[in-house]
Amino acid sequence: MCSSTANGEPLGLGALTLTEAFRARALLGIEGVSTAASMDEVLLRFQAVVGNLAADSALFMSFLRDDATLASYRSLVACDPLWSAEYARQQWFEDDPWLRHAMGDSEPIRSSELVLHSPREEAFIEAAARAGFASVVIAPAPSSHGPSRVGVLALGSATPGFFDGDGYATVRVLARALAMELHAWLARSILRELIDKARITADDIALLRHEEAGHSSKMIAAALKTEAKTIDCRFQRVSAKLGAQNRRAAVRLARLYGLL
């Protein structure tokens, strides 16, 4: 947490957010996220911004769901690593009220304002509090894909009610900006990894654009001066690269990953 003091006493959130230094440090750190060259670098910058925002801990998660068969998340952790391990072990993403909020609402909210829907969500909140998230600002990072691809920043304090008083309005704006910058950076990183790992080529993307436009194999073959069966084989290869069951599913995934 930020260690600024007045007369030897730590400043509360309200007093901190009124200082020019608080906002300047936070904005400078948020701006620096987009230029990070690696995962290690973006994580270091994330951790620095968390401290600048007077938080004890933070977690950012980018969540992708195509359908019932595909759901994955990528996270950046600025908190006790045991919490991240517990999150994965408990499969909390199925009962995470922070993520649930982000999937249905683009507005930041405090944990004290959440309405919990199940005993599992209550257990999640209790476990999070033990990990330094007793008071939390939850900042969604929406995308054009709606609930299929969202990000969520949880900015936490070990002090109950820390974000409930004065200063929240300022932190809310800064947390939203940080969430969007992290979401954009992770999206670019995931896309680069996909292109490199799956060896996606410009020809693959051009083929997927034909499917996106509703062109049949026969139409594509005529345009490319080849045979329809050759186009079908190419679609099978591209679908396999993306881990999709068929060409339509491949297009959906390509959109989610930002290939199209």
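Keep in mind it's a predicted model, so treat the numbers as computed, not measured.

Novice: Lay out the packing of aromatic side chains with the relevant residues and their values.
Specialist: One pass over the full model with this rule turns up 9 aromatic pairs. Note on Trp-83 and Tyr-87: the rings are 6.1 Å apart at their centroids and 80° apart in plane angle, and the pair reads as edge-to-face. A residue pair is termed a helical-turn pair when its members lie 3 or 4 positions apart in one helix, as Trp-83 and Tyr-87 do in helix α4 (residues 81–90) at 4 residues. Residues Trp-83 and Tyr-87 agree in their burial class; the two are buried. A connected cluster of aromatic rings, assembled from ring pairs, spans Trp-83, Tyr-87, Trp-92, Trp-98, Phe-124 and Phe-133. Directly above the aromatic system of Tyr-168 lies the positively charged group of Arg-110, at a separation of 3.9 Å from the ring centroid.

Novice: Lay out the pairing of strand β7 (residues 149–157) with the relevant residues and their values.
Specialist: Taken across its 9 residues, β7 has 9 buried, putting it largely inside the fold. The alternating pattern of β7 places Arg-149, Gly-151, Leu-153, Leu-155 and Ser-157 on one face and Val-150, Val-152, Ala-154 and Gly-156 on the opposite face, and all of these are buried. Of the pairings in the sheet, the one linking strand β6 (residues 135–141) to β7 comprises 7 bridges and is antiparallel in character. From the neighbouring strand, Ser-135 faces β7, where its bridge partner is Ser-157.

Novice: Which residues make up the pattern of salt bridges, and what are the values?
Specialist: The final tally for this structure, using the stated rule, is 13 salt bridges. Two residues, Glu-41 and Arg-45, come together in a salt bridge whose shortest N-O distance is 2.4 Å. Of this pair, Glu-41 and Arg-45 both sit in helix α3 (residues 39–52), 4 residues apart, which is roughly one turn of the helix. Residue class for Glu-41 comes out partly exposed when judged on its relative accessible area of 24%.

About the criteria used
- Here the residue index of a chain counts from 1 through its sequence in written order.
- Local features in this predicted model are restricted to residues whose pLDDT is 70 or higher, and side-chain atom pairs enter the listing and the counts only when it is 80 or higher, whereas totals over whole chains, interfaces and linings include all residues.
- With hydrogens and water set aside, each side-chain value is computed from the structure's full complement of heavy atoms.
- Aromatic rings from Phe, Tyr and Trp, with only the six-membered ring used for Trp, were paired whenever their centres fell within 6.5 Å, and each pair was classed as stacked if the ring planes differed by under 30 degrees, edge-to-face if by over 60, and tilted otherwise.
- Labels follow the DSSP assignment, with helices taken as runs of H or I lasting at least four residues and strands as runs of E lasting at least two, numbered in each case from the N terminus.
- Categorising residues by exposure relies on relative accessible area from a 1.4 Å probe, with only protein chains included: less than 20% of the type maximum marks a residue as buried, more than 50% marks it as exposed, and the intermediate range marks it as partly exposed.
- Remark: a charge is flagged as sitting over a ring if the NZ atom of Lys or the CZ atom of Arg is within 6 Å of the ring centre and within 35 degrees of the ring normal.
- What makes two strands pair is DSSP finding at least two bridges between them.
- Salt bridge, as applied in this entry: a Lys or Arg side-chain nitrogen positioned within 4 Å of an Asp or Glu carboxyl oxygen.

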